[in-house]
Every structure is written in C-alpha cells, then in structure tokens.
Amino acid sequence: MDKLILGIESSCDETAAAVVLNGRTVLSNVISSQIEIHKKYGGVVPEIASRNHVLNISQVIDSALCEAGKTFDDLDAVAVTYGPGLIGALLVGVSTAKAISFAKGLPLVAVNHIHGHIAANYIEHPDLAPPFVCLVASGGHSHIVYVKDYMNFEILGRTRDDAAGEAFDKIARVLGLGYPGGPKIEKLAEKGNTDAVLFPQVEFSDSSFDFSFSGVKTAVINYLHKLKQRGENYCAADIAASFQYAVVNVLTEHTMRAAQAKKTDQVVLAGGVSANGALRRSFEKAAEQFGKKLYYPRPLLCTDNAAMIACAGYYKAQSGEYADRSLNAVANLKL
Ligand code: KG4
Ligand code: ZN
C-alpha cells in the first residue's frame, strides 16, 4: 500500500518540509535556509535559529504540500527530526509535527537526523540497499556507520573531538572567508597546492576508525599565527588546499579501511561535507582501487533537508516504529 509522508526538519539553521511517496519518490522538498541571517555572526546562533524556525515553519509546510499537489488529508504519516541538534530548533519541528499529528489524527514518526542523512542516498539511488559502510560527515557529526539493514546500524568510528564540517567552518573563519566554511574552502582550494604545507592526519595507535580533527585545526591556526608574527605573506589558497587534503585523506582512508573490514563492496557518503568535490574525487579514486561501488547524493540532498527525514521515516514506519505524542526533542541523540 502506498505511503505518503510529510517530513519536517529543523535541527540547525534550515527550516525544511518535504512530501515523499513510499520513501523514495520526492514530490516536494522545500528548504528555507537561515544562512544569510547567521552569516554576520560567523556561525549559527541557537536562539536566533529557533525564532526563525517559528516564523518560517508553517509557510514551509504549506509550500511543501502545495508543490506536491497534496493536502494534510492525503498524508499517511508525519516524520520529524527529534535529534541530534540544537534543542530549541528541534523543538519547533517536533511541536509542529505533534500538532499536525493530533489535529489530523496522523501517525507520528521520530527520526534521528543522522539516519536521515544516510537515507538521502536511498532517494538518489533507487538501486541502493543495505548492507553498506557509510561515512556521515557534517557540521555536527563525523561517523563511519555500518548500515546492516534499513533500521540497524553499527558505529564503526566517530570523531573524538571536532566534526569534519566544524573544522572546515573554523578554518574558513580564520582565513576570513565567512560562514558556512565548507563551500568557501573548497572554492579557494581549487587555486591552491595540496602539497604546500603538510598538516597532521591523526591515526590512533589502536588502529581504530575514529577521527580527530582538532589537531589539524590547531596546526593551521598556529601556522597562520607564526607567519603573521613574522610579518610573512602566505597564500590562502595553498593553506585551504593543504588543509582540505589532510581532512579528505583521513576520511577516505578510514572509511575504505572500515569497508574492507566489513567485507562490503558498497561505500556510501552522506552529510554536508560529502558535497565537497575533492572528497568525492578522493573516494572515486579509492573506490576504483579497492573495487567498491561508491554512492553519494546530489549536493542539495547532502546538506540538511526534509526529504531525507521523510525517507528515513518511511523505513521506520515500515518496521512499525511510531512515536506517541509525548515525543520530546533530544539534543544529543545517538544513532
Ligand atoms: O549536513 P549539514 O547541512 O548540517 C549538519 O547536520 O551539520 O552540514 C553542514 C556542514 C557545514 O559544516 C558546512 O561547512 C559543511 O557541511 N559543508 C561542506 C561543503 N558544503 C557544506 N564542507 C566541505 N565542502 C563543501 N562543499
Ligand atoms: Zn545535518
């Protein structure tokens, strides 16, 4: 039986709603980004994010239904991100989803944001099915996940400090490029030399798949600081390229090693950082070398959106996992 799901996402600075049929057919995917608002502060200000979600959410949901040519009465369920993320921001989506569920008598599905990022790949690749190894790299997370089936996950590696996207955002800030940093570093790095500076790529002695990005972040900051103290000029493009290379190389190497360990020939990329062209090229090369099939979503589905939440919600609903109306947001929700 067909299942039409309204997805709602408000975990950070994007207010988003989407209507998705049977988990994989996107009828609408509306995203209202607050980037312009947060730019002047150099990053997301949580209270401002919550307030803007409140202002935008009804309009975004109306647009999603209208673009899909559907009404609330056509829906079979409402899926919403309930964590991880900024608590005030999450609460806006969760309260709205609960209100719709109550008013329309619709089942409610609570979605983990990281599950959503992984699910973006099911929308993009109709042939993709678990098991596979997935790198989820975004502003808040850097995880290597073994996706056993649509609802079962094993975390193989995680960051022990900063997320990869967080490091991109920080380095963009010190280079004066603004927020969000990832796309700006990527663009600048195109004109730079990846071998200009050798920045650290942390490996743990227990040969775990974990990451650490605070070292490379500090190394870039110290490097710039020393040059500035000596009054020496530097080439920002070379620094961006060398930094990006160090991060991309570690992400690629650990993920491929994890895929080898799990004996899977499917490797999947997800999350905002997976929109990065250098990262994609590095994985393409490694996938060819290791004989793996590589999947990643188009950039719009890499960063936060609600179609991925509706998709993850579909698989949760298929396994009968519904939430009740006592659902609360969980800022540090684990996968
Ligand atoms: O998945 P996402 O939209 O939100 C979170 O769940 O965090 O990811 C946002 C992060 C930001 O840190 C942003 O700088 C990074 O993804 N990002 C990129 C690129 N596009 C977005 N990082 C590197 N290269 C990009 N092209
Ligand atoms: Zn995200």
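Everything below is about the structure shown above.
Residues numbered from 1 in each chain as written. Chains lettered and ligands numbered in written order. Predicted model: local features only at pLDDT ≥ 70, side-chain atom pairs only at ≥ 80, totals over all residues. Heavy atoms only, no water.

A. Seen up close, the side chain of S50. Along the chain, S50 turns up in helix 2 (residues 46–68). From its side chain, S50 meets the backbone nitrogen of A89 in a polar contact 3.4 Å long. Ignoring sequence-local partners within four residues, the contact set of S50 consists of G88, A89 and V92. (Helix = DSSP H or I, 4+ residues; strand = E, 2+ residues; numbered from the N terminus. Polar contact = N/O pair within 3.5 Å; in protein donor to acceptor, adjacent residues only side chain to side chain. Contact = heavy atoms within 4.5 Å.)

B. Region of interest: the coordination of the zinc ion (ligand 2). Taken together, H113 (NE2), H117 (NE2) and D304 (OD) make up the full set of protein donors to the zinc ion (ligand 2), lying 2.0 Å away. Every donor counted, the four donor atoms about the zinc ion (ligand 2) form angles of 94 to 128° at the centre, which fits tetrahedral coordination. Mapping the donors of the zinc ion (ligand 2) onto the primary sequence yields the spacing H-x3-H-x186-D. Residue H117 is found in helix 4 (residues 113–124), and its partner D304 is found in the loop between helix 10 (299–302) and helix 11 (307–318); the two are separated by 187 residues along the sequence. By the burial criterion, H117 is buried, and D304 matches it. (Donors = N, O, S within 2.8 Å, 3.2 Å for Na, K, Ca; no water. Tetrahedral: all angles 85-135°; square planar, octahedral: opposite > 155°, others 65-115°. Buried < 20%, exposed > 50% of the residue type's maximum accessible area, 1.4 Å probe, protein only.)

C. Region of interest: the packing of aromatic side chains. Counting across every chain of the model gives eight aromatic pairs. Centre to centre, the rings of F168 and F243 are 5.2 Å apart; their planes meet at 75°, and the pair counts as edge-to-face. Placement of the pair is F168 in helix 5 (residues 164–174) and F243 in helix 8 (residues 236–261), with a sequence separation of 75 residues. The class for F168 is buried, based on a relative accessible area of 2%. Within the aromatic cluster, the residues linked to one another by ring pairs are Y122, F132, Y150, Y314 and Y315. Sitting over the ring of F204, R160 keeps its end group 3.7 Å from the ring centre. (Phe/Tyr/Trp six-rings, centres within 6.5 Å; stacked < 30°, edge-to-face > 60°. Lys NZ or Arg CZ within 6 Å of the ring centre and 35° of its normal.)

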